[in-house]
Amino acid sequence: MSNPDITARIHALHPDSAPAPVATESNPAYKKVQLARHPKRPHALDYIERLCTGFTELHGDRAYGDDLAIVGGYAFFDDQPVMVIGQQRGRDTKQKLARNFGMPKPEGYRKAMRLMFMADKFHRPVITFIDTPGAYPGIDAEERGQAEAIAYNLREMARLGVPVIVVVIGEGGSGGALGMGVGNKILMLENSYYSVISPESCAAIIWRDSAKAELAAAALKLTGPDLLERGIIDEIVPEPPGGAQEDHDAAAALLGDSIRKALAELSAMTPKELVDHRYLKFRRMAPFFEG
């Protein structure tokens, strides 16, 4: 008779030996993924337009160029000056190509960090909108230091002395999302996902078959309820009936309420308290036990 404890540990070390999860109506993770990718879903600029006034876009990383996959600049949220930064996807073919399908390159992450440094200098809260399948994996991005740019952002975002609010509005894929995702508060729209890898890539690695993406989505625990339970995110923002793509104005209004509440809570903290709060938040995400 096999030892259940040993069997479980073998499965944990060798995922190929574990039975594949079964996708059912009671575990509709992949439906969330499909909604997060809906072509009519509101993007970062759609939310900025509806939630902010006086948005002034700033360009360039002051080192290489301007990555249109990331937009950002000064704005006012409820008459409070803020820095808003978002990963922007295109609508039509021309826009998608210009914005690289929402997949930032190193200069995009460096631009985002430059704007965050400006916000820190002038004591303005930072609001980031996450919506990317992942950082661009092309040769040119690797040549310009994609991994280093993301790692630098992780370190420096942890040190910012201003409130940082992160909102996952669509796809939150891999390090491409995390490169703008180190915040005091992490909000997630109801029909979005946040994961270390896309379901298709996960299925290709684990089962060597990207067609099993639905099974991978169920195993990855990438939906709001799963992440809230594990302390990865702080709040699930509800969407209008049918999803945010059905009513952009209503989706923005619901998101605005959550951002407003988060800002009110964080604005009462000192810079040191904000840094400590952010540090402890991410330390709690990876507990381990010695036995």
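Some words on the overall build of the protein
A count of helical and extended segments in the protein gives 13 helices and 8 strands. Burial analysis of the protein (291 residues in total) assigns 48% to the buried set.

Focus on the pairing of strand 3 (residues 80-87)
Within strand 3, 6 of the 8 residues are buried, leaving the element largely enclosed by the surrounding structure. Pairing analysis gives 8 bridges linking strand 2 (residues 70-77) to strand 3, with the strands arranged antiparallel. Counterpart to Ile70 in the pairing with strand 3 is Gln87. In sequence, strand 2 turns back onto strand 3 through a hairpin of 2 residues, with Asp78 there showing a positive phi of about 55 degrees. In this sheet, strand 4 (residues 126-132) lies alongside strand 3 in parallel orientation, the contact comprising 4 bridges. Its bridge partner being in strand 4, Met83 is matched across the sheet by Val126.

Comments concerning unusual backbone geometry
Glycine aside, a negative phi is what most residues show, and trans is what most peptide bonds show. Phi at Asn100 takes a positive value of approximately 55 degrees, unusual for a residue other than glycine. For Asn100, a relative accessible area of 16% gives the class buried. The backbone phi angle of Phe101 is positive, close to 55 degrees, even though this residue is not glycine. Structurally, Phe101 can be placed in the loop between helix 4 (93-98) and helix 5 (106-121).

Notes on the packing of helix 2 (residues 29-36) against helix 10 (residues 213-220)
At a minimum axis separation of 7 Å, helix 2 and helix 10 run at an interaxial angle of 105 degrees. Classified by the angle their axes make, helix 2 and helix 10 are roughly perpendicular. Between helix 2, through Ala29, Tyr30 and Val33, and helix 10, the contact on the second element is made entirely by Ala213, Glu214, Ala217 and Ala218. Taken together, the residues that form the contact of helix 2 with helix 10 break down as 6 nonpolar, no polar and 1 charged.

Describing the nonpolar core
Counting residues in hydrophobic clusters, the biggest one holds 30 residues, and the most contacted among them are Met83, Ile85, Tyr109, Met116, Val126, Met180 and Tyr194. Elements with a minimum of two residues in this core: strand 2, strand 3, helix 5, strand 4, helix 7 (146-159), strand 5 (164-173) and strand 6 (185-189). A per-element tally of this core places helix 5 first, with 6 residues. Those residues in contact with Val126 that sit more than four places away from it in its chain are Met83, Ile85, Met116, Ala119, Val162, Pro163, Val164 and Ile165.

Considering the side chain of Asn100
The topology assignment puts Asn100 in the loop between helix 4 and helix 5. Once residues within four sequence positions are removed from consideration, Asn100 is found in contact with Lys105 and Tyr136.

Considerations on the pairing of strand 5
Counting buried positions along strand 5 gives 10 out of 10 residues, so the element sits mostly inside the fold. Where strand 4 and strand 5 come together, 6 bridges link them in parallel fashion. Looking across to strand 5, one finds that Ile130 is bridged to Val168. Two elements, strand 5 and strand 6, share 4 bridges in a ladder whose sense is parallel. Paired with Val168 across the strands is Met188, a residue of strand 6. Pairing of strand 5 with strand 7 (residues 193-195) involves 3 bridges; the strand directions are parallel. Directly across from Glu171, in strand 7, lies its bridge partner Tyr193.

As for the pattern of salt bridges
Oppositely charged side chains can pair when the atoms bearing their charge come close. Per the stated rule, a full pass over the model turns up 22 salt bridges. Asp140 is the salt-bridge partner of Arg144, the closest N and O atoms lying 3.8 Å from each other. Under the relative-accessibility criterion, Asp140 is labelled partly exposed at 24%. By sharing partners, the salt bridges in this structure join Arg37, Arg89, Asp131, Glu171 and Glu200 into a single network.

Digging into the environment of Ala141
Relative to the elements of secondary structure, Ala141 occurs in helix 6 (residues 139-143). Residues Ala141 and Glu107, spaced 34 residues apart in sequence, show a C-alpha to C-alpha distance of 8.7 Å. Setting aside residues up to four positions removed in sequence, Ala141 forms contacts with Lys105, Pro106, Tyr136 and Gln146.

Rules behind the numbers
Residues numbered from 1 in each chain as written. Predicted model: local features only at pLDDT ≥ 70, side-chain atom pairs only at ≥ 80, totals over all residues. Heavy atoms only, no water. Helix = DSSP H or I, 4+ residues; strand = E, 2+ residues; numbered from the N terminus. Buried < 20%, exposed > 50% of the residue type's maximum accessible area, 1.4 Å probe, protein only. Pairing = 2+ DSSP bridges. Axes fitted to C-alpha atoms, helices over the stretch in contact; angles between N-to-C directions. Parallel < 35°, antiparallel > 145°, perpendicular 65-115°, else oblique. Contact = heavy atoms within 4.5 Å. Nonpolar A, V, L, I, M, F, W, Y, C, P; charged D, E, K, R; others polar. Core = buried A, V, L, I, M, F, W, Y, C linked by side-chain atoms within 4.5 Å. Salt bridge = Lys/Arg side-chain N within 4 Å of Asp/Glu carboxyl O.

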